[in-house]
Amino acid sequence: MKHTIYCMVLMGILIGNTVKAQDCRCKTDFDQLNLLLRKTPAYKDHKKAYEENHLKLQSIVGKVSLDYDCLVLLNRLALGLNDNHSNIFGLADKNAVKIQKTKMNLDSLEQALAAKPFTAIEGVYSLPKYVTLGLYKEQETYIGVILASQLPNWDAGDIMYTLLPYGKDLHLAIFGQGKSKRIVAVSERIKHGMFLKLGLRKNKEAQAFHLAPEPDSLFIKKELDNAISYIKTGSFSSFYPKLADAEAFYASLQDKLTKKHLIVDLRDNTGGGERNSNILLELLTTYAQNNKLYVLINHNTASNAEQFTLKLKQLPNTTILGDRTQGTLAYELKKNISNPLGCGKFVAIVTSKRHKEYLPFESKGIEPDMLLEYDRDWITQTMEFINAH
């Protein structure tokens, strides 16, 4: 009798889980995400725009059946907040979101895209030793299909990227990571035939002069000539051990910045917190009173590094060079940032703090005083600017 009851209970659990899985549609996660987003400070700032976006997407969510399409739709919902720290990822399990395949003829697609102008977003891009990607426009969205792959777990025909336009010439890149195939979302901009963050490029031989040197080294100090010093600060992380490394680096600069010109490289610095950056700000504030400061920024300069850039702009004798920053600085990830959604496929990353003074720069970024060219070394160009002035 006990065995019979146990079997009945077990069968009931299995049937219940099966029904739950069958009933778990995209709308389930859509509605849960909607409730989460309405609790964010960004919702209060952009309520009207969010509500319009939500209403539009609510009318089509019932037609979405594929997990990948659902993830794209969820990110479209989050874009209505104008809060670029808030995104939706697939779970770390690579099987959580199934990669979709195109039905297009790849040879015909490659031929058509290869004929696109170099300045067009559409085209054939390469990430040497990894993939060749065909990027084409579908309504207002760009779809990236693998034309050739050297990655063992990706095949030709796989849809690897979806780009959603937003803000000032920006795209939310929703893509599968090369090794894990986990679907994530990051801010991207395409310029000079390159994905400025993710490295794909139309010209295989093109060098990424817009990126900071020595990516494996967060902190660098060099003497470029008799009048110019250079420092790179690659992170403003407020957590140890990176914070300890930063504190040691800043301490090493005390009384050592004696030359008339200083280049501060903030390229690829994705931020952190004032616990870190305020130490450097105090040092540079003193330096700029009697010397000249030159700050390098790029699309990957984000979050607290953007806030830091705006503070440096207020200093005397300071020039900002490079290209526009990412535009992800008005909101902050503080606590409970990771929220698994009910169907067990996705996780929502949401913010809980606002920096109201930076709202005008969200989804726009900070423009430099001088744009640098993408086909020459940026430190060399900065030195030329210094010597010409």
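Colleague: Describe the overall build of the protein, with residues and values.
Modeller: Across its full length, the protein holds 10 helices and 19 strands. Rg of the C-alpha trace for the protein: 24 Å, near the compact-globule value of 21 Å for 389 residues, within the 12% margin. Overall, the C-alpha framework of the protein stretches about 85 × 50 × 45 Å when taken along its three principal axes. The buried share of the protein, taken over its 389 residues, is 51%. Just so you have it, the protein exposes about 19000 Å², and 53% of that area is on carbon and sulfur atoms.

Colleague: I'd like a description of the sheet that holds strand 6 (residues 170-176), backed by residues and values.
Modeller: The antiparallel open sheet is built from 6 strands, whose spatial order is 2-3-4-5-6-7. The outermost strands of the open sheet, each flanked by one partner alone, are strand 2 (123-127) and strand 7 (183-188). Averaged over all neighbouring strand pairs, the angle between strand axes comes to 25 degrees, with direction disregarded. Strand direction decides the pairing type here: strand 3 (residues 131-138) and strand 4 (residues 141-149), joined by 8 bridges, are antiparallel. Its bridge partner being in strand 4, Thr132 is matched across the sheet by Ala148. Contacts from helix 5 (residues 67-79) reach strand 5 (159-166), strand 6 and strand 7 within the one sheet, and its direction differs from that of strand 5 by about 20 degrees. Along the sheet, helix 6 (residues 106-114) contacts strand 2, strand 3 and strand 4; its crossing angle with strand 4, the most-contacted strand, is approximately 115 degrees.

Colleague: Quick rundown of the environment of Leu163? Include the residues and the values.
Modeller: You can see Leu163 is positioned in strand 5. On the basis of relative accessible area, Leu163 is assigned to the buried category, the value being 0%. Residues Leu163 and Ser217, spaced 54 residues apart in sequence, show a C-alpha to C-alpha distance of 30 Å. Sequence-distant contacts of Leu163, that is, excluding residues within four places in its chain, are made with Leu135, Thr141, Tyr142, His171, Leu172, Ala173, Ile190 and Phe195.

Colleague: So what about the sheet that holds strand 16 (residues 338-340)? Which residues, and what values?
Modeller: What links the strands of a sheet is backbone hydrogen bonding, and the strands pair in either a parallel or an antiparallel sense. With antiparallel pairing, 3 strands are arranged side by side in an open sheet as 1-17-16. At either end of the open sheet lies a strand with only one pairing partner, and these are strand 1 (87-90) and strand 16. The average undirected angle you get between the axes of adjacent strands in this sheet is 30 degrees. Pairing geometry for strand 1 and strand 17 (residues 346-349), over 4 bridges, is antiparallel. Considered in strand 17, the bridge of Ile88 is made with Ala348. The sheet strands contacting helix 2 (residues 26-37) are strand 1, strand 16 and strand 17, and the helix crosses strand 17 at an angle near 15 degrees.

Colleague: A description of the packing of helix 2 against helix 4 (residues 47-58) should follow, citing residues and the corresponding values.
Modeller: Contact geometry of helix 2 with helix 4 gives a least axis separation of 12 Å together with a crossing angle of 175 degrees. On the basis of their axis angle, the class for helix 2 and helix 4 is roughly antiparallel. Across the interface between the two elements, Phe30, Asn34 and Leu37 from helix 2 touch Tyr50, His54, Leu57 and Gln58 from helix 4. In terms of residue class, the contact of helix 2 with helix 4 is made up of 4 nonpolar, 3 polar and no charged.

The rules we used
- The residue count restarts for each chain, going from 1 along the sequence in the order it is written.
- In keeping with the predicted nature of the model, local features appear solely for residues at pLDDT of at least 70, side-chain atom pairs appear and are counted solely at 80 or more, and the whole-chain, interface and lining totals rest on all residues.
- Computation of side-chain values: all heavy atoms of the structure, hydrogens and water removed.
- Put simply, DSSP marks the helices as runs of H or I at least four residues long and the strands as runs of E at least two long, and each gets a number from the N terminus on.
- Here the globule rule is a power law, 2.2 Å times the number of residues to the power 0.38, and the radius of gyration is based on C-alpha atoms.
- Throughout this description, buried means an accessible area under 20% of the type-specific maximum (1.4 Å probe, protein chains only), exposed means over 50%, and partly exposed covers the range between.
- Only the protein chains shown count as cover for residues, and all accessible areas are computed by the Shrake-Rupley method using a 1.4 Å probe.
- Any two strands are treated as partners once DSSP identifies two or more bridges connecting them.
- Inter-axis angles, ranging from 0 to 180 degrees, are taken between N-to-C directions of lines fitted to C-alpha atoms, where helices are fitted over the stretch in contact.
- The contact rule is simple, with two residues in contact once any of their heavy atoms fall within 4.5 Å.
- To sort the angles, those under 35 degrees are grouped as roughly parallel, those over 145 as roughly antiparallel, those from 65 to 115 as roughly perpendicular, and the leftovers as oblique.
- Residue polarity follows a fixed list, in which Ala, Val, Leu, Ile, Met, Phe, Trp, Tyr, Cys and Pro are nonpolar, Asp, Glu, Lys and Arg are charged, and the others, Gly among them, are polar.

In short, shape yes, function no, at least from these values alone.
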